Amino acid sequence: MARRLSFFLGPVLFLLILMIESTGLGEMTPVIALGAWMICWWVTEAVPIPVAALLPIIILPLTGVFTVAQACAPYASPIIFLFMGGFMIALGLERHNLHLRLALNILRVTGSSGNGIIMGFMISTALLSMWISNTATAVMMLPIATSVVTLLSEKDGFIKSEKSFALSLMLGIAYSANIGGTMTIIGTPPNVVMAGYANELLDRQIGFVEWLTLALPIGLTLIFITYLLLSKVLFRNTIKDVAGSADLVRNELNKLGKVSKEERLVIIIFGLTALGWILKPQINSLIGANLLTDHVTAMIGGILMFSMPVSFKSDTKLMDWEDTKRLPWGILLLFGGGMALAKALAAVGVIDQIGVAVQSLTGISLFLLILTVTAVVLLMTEFMSNVALVTIFIPVIIGVGNGLNVDPLLLVVPVTLASSCAFMMPISTPPNAIVYSSGYITMKEMMRAGVWLNIISIFLLAGACYFLAPVLL
């Protein structure tokens, strides 16, 4: 019922704002009305979020804010193709089970001790989540983790020490999947939304390497803190050895067999793409022009996944077009819609007006400001989609930064990272929901761990971005 009401509330808000002439908003009126409609549908999910993101294509030309070409241009932004290329490469990793082989080999190295297994799962999950969706990563890791926990319960039932181990293991997977995605620019949708806004509204390019140098140390620190909090403090693990776990990992690797030709080709493409991102300045220097960008590199890798022949005789390729059914097209549309709205807000002066409105707060400490916006977003992301949240919130934050004569990136970056740090509830992120479905975690236990991690994350993100962002970005 609430969703049905929200469906009508969106267009009603739009019409009401258009009809109220006394607002004195002038040319800002249709854009603010459009924003109210989109935010209503995004927050309530009265329609699929990507569908709401298509509204600017209709409303902006009809209200005379943009031409059709101007309204559609953000949907073809280079940042969208960066993410599309990353998605294609991730699909190749998943199709040929390379991600599973990598995870199992890490687990083989970390050993059969209780803490070693927890750390191994967390490292594997975070590493995979840097490149493929955190949902897919959690779905893949959960059955392996469940098998390890089953080895314990088969011996003597499920005693307290084994329950603590299971809690640390399951929560470690969920939290590592969330954190891992923050460490690369293509790891999670909010990062790409942020990069798109930085390009559109601030004319600032945040490349793959620039983001990695900032986010990787923050992410690794948070992973290590999470490991200590779960296995040493909240759910102290006392299991020294999980008998049979090494055999389980070995058996899973045996099922995969030897590394196939397809896997080797995927590794080569993935490696070349990563090198293209990392060595971009050096390659452009050799070329003598800035022709290679992160977006071009990503699309080269994506196209190679579909064009690289496995066998010339059978004309078999690494991937077929049918595989793109699993590509999240809706996320790409959401990026375009968010950037179209942001571009319109900037064009009619809304962002400038936000800046003017907050100029009276000039006495506030920069660190306190960063801490406040980080805390607000981290709390909000527990209850709503992180993509919708950053899409709505970042243009406002940019206006605040401009109004206070603060580099907006000092506020935007911690807000973006905080949007992926939802640890308290199963509904907060798909990985949380996936591990909660295992039956080894109660709501109370997830909230207990999540509250502490949220508090730690707020101070870690705010502090790290306050000191590192000015230097690295």
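Asks: Give me the overall build of the protein chain: which residues, what numbers.
Replies: Within the protein chain one finds 23 helices and 2 strands. Against the 2.2 N^0.38 benchmark of 23 Å for 473 residues, the protein chain shows a C-alpha radius of gyration of 23 Å, consistent with a compact globule. By principal-axis analysis of the C-alpha atoms, the protein chain measures approximately 75 × 60 × 50 Å. Expressed as a percentage of the 473 residues in the protein chain, the buried residues total 55%. Taking contacts inside the protein chain between residues at least 6 apart in sequence as the whole, the part at least 24 apart equals 77%. Total accessible area on the protein chain stands at roughly 20000 Å², and carbon and sulfur atoms take up 67% of it. Separation between the mean location of the 25 positive side-chain charges and that of the 24 negative ones in the protein chain comes to 10 Å.

Asks: Give a description of the state of the cysteines that names residues and reports values.
Replies: Scanning all chains against the criterion turns up 0 disulfides. There is no disulfide at C421, and the cysteine sulfur nearest it, in C465, is 10 Å away.

Asks: Please provide a residue-by-residue account of the packing of helix α8 (residues 114–129) against helix α12 (residues 208–234), values included.
Replies: Two measures define how a pair of helices packs: the angle their axes make with one another and the distance between the axes. Two numbers describe how α8 lies on α12: the axes approach to 11 Å, and their chain directions differ by 145°. Relative to α12, the crossing made by α8 is right-handed. Between α8 and α12, the residues in contact are N115, I118, M119, M122 and A126 and I223, F224, T226, Y227, S231 and K232, respectively. In the contact of α8 with α12, the residues fall into 7 nonpolar, 3 polar and 1 charged.

Asks: Could you give me a rundown of the nonpolar core, with the residues and numbers involved?
Replies: Looking at soluble globular proteins, one finds that nonpolar side chains tend to be buried together. One finds W42, F121, F165, Y175 and I185 to be the most contacted residues of the largest nonpolar core, which totals 159 residues. Residues contacting F121, with those up to four places away along its chain left out, are L107, M141, I144, A145, V148, L169 and I173.

Asks: Describe the environment of G26, and please don't skip the residues or the numbers.
Replies: Among the secondary structure elements, G26 is positioned in the loop between α1 (2–19) and α2 (29–44). On a C-alpha basis, the gap between G26 and L55 in space is 21 Å, while along the polypeptide they are 29 residues apart.

Asks: Outline the side chain of S231, supporting the account with residue identities and numerical values.
Replies: Considering the arrangement of structural elements, one finds S231 in helix α12. Classification of S231 by relative accessible area gives buried; the value is 1%. With near-sequence residues (within four places) excluded, S231 lies in contact with N115, I118, S168, R236 and N237.

Asks: Describe the confidence of the model for the protein chain, with residues and values.
Replies: If pLDDT is low for a region, its predicted coordinates should not be looked at in detail. Confidence in the prediction of the protein chain, expressed as mean pLDDT, is 84, and 94% of residues score 70 or more. Within the protein chain, the element-level pLDDT minimum falls on helix α18 (residues 350–357), averaging 71, and the maximum on helix α4 (residues 55–62), averaging 94.

Asks: I'd like a description of the environment of P143, backed by residues and values.
Replies: Inspection of the secondary structure assignment puts P143 in helix α9 (residues 134–156). A residue is classified by how much of its surface remains accessible, and P143, at 48% relative accessible area, is partly exposed. With 295 residues separating them in the primary sequence, P143 and S438 have C-alpha atoms 9.1 Å apart.

Asks: I'd like a description of the pattern of salt bridges, backed by residues and values.
Replies: Per the counting criterion, the structure on display carries 8 salt bridges. We note a salt bridge from D320 to R95, for which the minimum N-O separation is 3.5 Å. Linking D320 in the loop between β2 (316–317) and α17 (329–347) with R95 in helix α6 (residues 78–95), this pair joins segments that are 225 residues apart in sequence. Judged by relative accessible area, which is 34%, R95 ranks as partly exposed. We note a salt bridge from E252 to K255, for which the minimum N-O separation is 3.3 Å. One end of the pair, E252, and the other, K255, are both in helix α13 (residues 245–256), 3 residues apart, so they sit about a helical turn from each other. The class for E252 is partly exposed, based on a relative accessible area of 22%. Taking relative accessible area as the criterion, K255 reaches 65% and is therefore assigned exposed. Connected through salt bridges with shared partners, the residues R95, D320 and D323 form a single ionic network.

Criteria and cut-off values
- Residues numbered from 1 in each chain as written.
- Predicted model: local features only at pLDDT ≥ 70, side-chain atom pairs only at ≥ 80, totals over all residues.
- Heavy atoms only, no water.
- Helix = DSSP H or I, 4+ residues; strand = E, 2+ residues; numbered from the N terminus.
- Rg over C-alpha atoms; globule rule 2.2 N^0.38 Å.
- Buried < 20%, exposed > 50% of the residue type's maximum accessible area, 1.4 Å probe, protein only.
- Contact = heavy atoms within 4.5 Å.
- Areas by Shrake-Rupley, 256 points an atom, 1.4 Å probe, with all protein chains shown as cover.
- Lys, Arg positive; Asp, Glu negative; His and termini not counted.
- Charge placed at Lys NZ, Arg CZ, Asp CG, Glu CD.
- Disulfide = S-S within 2.5 Å.
- Axes fitted to C-alpha atoms, helices over the stretch in contact; angles between N-to-C directions.
- Left-handed = near helix turned anticlockwise from the far one by under 90°.
- Nonpolar A, V, L, I, M, F, W, Y, C, P; charged D, E, K, R; others polar.
- Core = buried A, V, L, I, M, F, W, Y, C linked by side-chain atoms within 4.5 Å.
- pLDDT = per-residue confidence, 0-100.
- Salt bridge = Lys/Arg side-chain N within 4 Å of Asp/Glu carboxyl O.

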